[in-house]
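# Structural characterization, general
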Amino acid sequence: MAVPHTLEADVLRRQDPELAEILLGELTRQSTTLQLIAAENFTSPAVLAALGSPLANKYAEGYPGARHHGGCEIVDVAERIAVERAKALFGAQHANVQSHSGSSAMLAAYAALLRPGDTVLALGLPHGGHLTHGSPENFSGRWFDFVGYGLEAESGLIDHEQVRALARTHRPKAIVCGSIAYPRHIDYAFFRDVADEVGAYLIADAAHPMGLVAGGAAPSPVPYADVVCATTHKVLRGPRGGMILCGGELAERVDRAVFPFTQGGAQMHSIAAKAVAFGEASTAAFAAYAHQVVANARRLAAGLAEEGLVVTTGGTDTHLLTVDPAPLGVDGRTARGRLAAAGMVLDTCALPHGDARGLRLGTAALTTQGMGETEMAYVARLFASVLRDEVDGRKAREEVRELTGRFPPYPGR
């Protein structure tokens with residue numbers, strides 16, 4: 001029996017043509033614009049097939065062998081495969097693959113290690129911290145006492161002296177290392193040293209670099225952190241979701257923090273899709289992909305710098321880069337709007353040297369499409385031409401369509 005997925009949409013087109021057109025319209029949007037959002041990627045057709053599988057029908061509260069519902073014999077096998085593949089891929093003693101998102105993984109990590117009111121040291125939101133790193137609009141900022149460390153204004157790098165000083169002053173129960181917009185490798189050994197000095201847990205929020213870790217293109221937080229939280233999309237190229245890795249001594253606490261404390265039934269179709277992605281990420285082809293992602297990001301950063309934009313930290317070690325478009329006469333929000341009109345989709349972000357908004361770009365999706373450093377140089381030139389108003393929106397849009405037409409995310413679809 002063939003497993004249908006959203007790219008084929010024949011069943012949906014017959015039953016609900018209105019929604020079918022929306023799905024196909026989104027496929028067209030993704031296929032004809034440049035996906036430069038650092039947190040997005042294209043999953044494989046195999047991952048999409050698992051997401052659209054009959055496992056979506058199964059209620060499976062609990063863990064394999066200890067479910068609160070009957071009929072879980074087959075989905076138990078799927079979850080065990082996902083867990084074992086994640087452990088092998090990342091060299092972890094324990095993996096929980098049930099988290100619905102990176103945020104829910106962070107919630108579970110805090111629930112496993114902390115109590116309301118505990119002090120947590122994390123990268124401040126104005127410097128690239130995530131909502132779960134203490135935003136007052138988020139559960140983290142409401143339930144815990146967050147202290148934010150920052151970036152050096154001139155270099156844009158993490159201020160390690162400030163991290164150590166704040167840790168000594170506030171004696172946090174946990175330290176979080178990780179960012180949504182930091183283009184350099186994080187020194188996990190340094191954070192481990194500081195955590196040990198003040199008796200804190202170390203939580204690595206590795207949502208962005210974990211796919212690079214899987215491909216051997218970035219250092220792993222697993223040997224250093226007590227708990228590692230990550231997403232399974234982004235560079236890892238799996239379904240939208242989260243996972244948690246930890247040592248055996250924290251396994252039960254982490255599992256109970258996910259279920260029953262923060263979540264109910266596991267999404268078995270998503271867990272199966274995670275298993276598929278972990279399997280794909282264990283191949284030599286994925287390792288080559290991960291290294292190409294970094295090479296592409298570095299070439300894109302260099303190209304944008306050549307065009308006059310300011311690249312924070314002077315470049316990147318990862319899949320993402322942040323840039324200030326002000327030298328071209330536009331602010332971040334204006335730049336994002338112009339680029340979107342030209343078919344170049346990206347985000348704004350905070351900049352380390354002030355209150356201005358910059359741009360955050362990523363190369364994971366373009367690399368999945370097969371683009372290389374030659375295409376990154378071309379994208380950088382077109383990017384700058386749009387911001388300088390040297391090319392009108394229609395002409396730029398045509399160039400983007402021509403480029404994406406040569407590198408379709410799903411060939412033959």
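Procedures and definitions
- Residues numbered from 1 in each chain as written.
- Predicted model: local features only at pLDDT ≥ 70, side-chain atom pairs only at ≥ 80, totals over all residues.
- Heavy atoms only, no water.
- Disulfide = S-S within 2.5 Å.
- Buried < 20%, exposed > 50% of the residue type's maximum accessible area, 1.4 Å probe, protein only.
- Axes fitted to C-alpha atoms, helices over the stretch in contact; angles between N-to-C directions.
- Helix = DSSP H or I, 4+ residues; strand = E, 2+ residues; numbered from the N terminus.
- Parallel < 35°, antiparallel > 145°, perpendicular 65-115°, else oblique.
- Left-handed = near helix turned anticlockwise from the far one by under 90°.
- Contact = heavy atoms within 4.5 Å.
- Nonpolar A, V, L, I, M, F, W, Y, C, P; charged D, E, K, R; others polar.
- Phe/Tyr/Trp six-rings, centres within 6.5 Å; stacked < 30°, edge-to-face > 60°.
- Lys NZ or Arg CZ within 6 Å of the ring centre and 35° of its normal.
- pLDDT = per-residue confidence, 0-100.
- Salt bridge = Lys/Arg side-chain N within 4 Å of Asp/Glu carboxyl O.

Time to look at the state of the cysteines. What the rule picks out here adds up to 0 disulfides. Not engaged in a disulfide, the cysteine C229 finds its nearest cysteine sulfur in C246; these two sulfurs lie 9.5 Å apart. The buried category is assigned to C229, whose relative accessible area is 0%. Look at C246 and you get buried, because its relative accessible area is 5%.

For the rest of this paragraph, the subject is the packing of helix α15 (residues 373-387) against helix α16 (residues 393-406). In the contact formed by α15 and α16, the axes pass within 11 Å of each other and the chain directions differ by 165°. Considered as vectors, α15 and α16 are oriented roughly antiparallel to each other. As α15 packs across α16, the resulting crossing turns out to be left-handed. Mapping the contact onto sequence places E375, Y378, V379, L382 and V386 in α15 and A396, E399, V400, L403 and R406 in α16. Within the contact of α15 with α16, the residues separate by chemical class into 7 nonpolar, no polar and 3 charged.

Let us look at the packing of aromatic side chains. Using the criterion set out here, one finds 9 aromatic pairs in the structure. Taken together, a centroid distance of 5.4 Å and an interplanar angle of 50° make the contact between F286 and Y289 tilted. In this pair, F286 and Y289 are both assigned in helix α12 (residues 284-306), 3 residues apart and thus about one turn of the helix distant. Pair check on accessibility: F286 and Y289 agree, each one buried. An aromatic cluster is defined as three or more aromatic residues linked by ring pairs; in this entry it consists of Y110, F139, W143, F144 and F146. If you follow R237 out to its NZ or CZ, it ends over the ring of Y289, 3.9 Å from the centre.

The subject of this paragraph is the confidence of the model for the protein. Per-residue pLDDT for the protein averages 95, and the proportion of residues at 70 or more is 97%. Every residue in residues 1-7 scores below 50 in pLDDT, and together they form 14 contacts with partners more than four places removed in sequence or on other chains.

So, about the pattern of salt bridges. This model, assessed by the stated rule, comprises 17 salt bridges. Note that E84 is salt-bridged to K87, the shortest N-O span being 3.3 Å. Here the residue E84 and the residue K87 both occupy positions in helix α4 (residues 73-90), the gap between them amounting to 3 residues, near one helical turn. A relative accessible area of 23% places K87 in the partly exposed class.

The amide bond that connects F259 to the next residue, P260, takes the cis arrangement and shows omega of 15°. Structurally, P260 is set in helix α10 (residues 251-262). Its identity as a non-glycine residue notwithstanding, R171 has a phi of 45°, on the positive side. By the secondary structure assignment, R171 is in the loop between α7 (160-170) and β7 (174-177).

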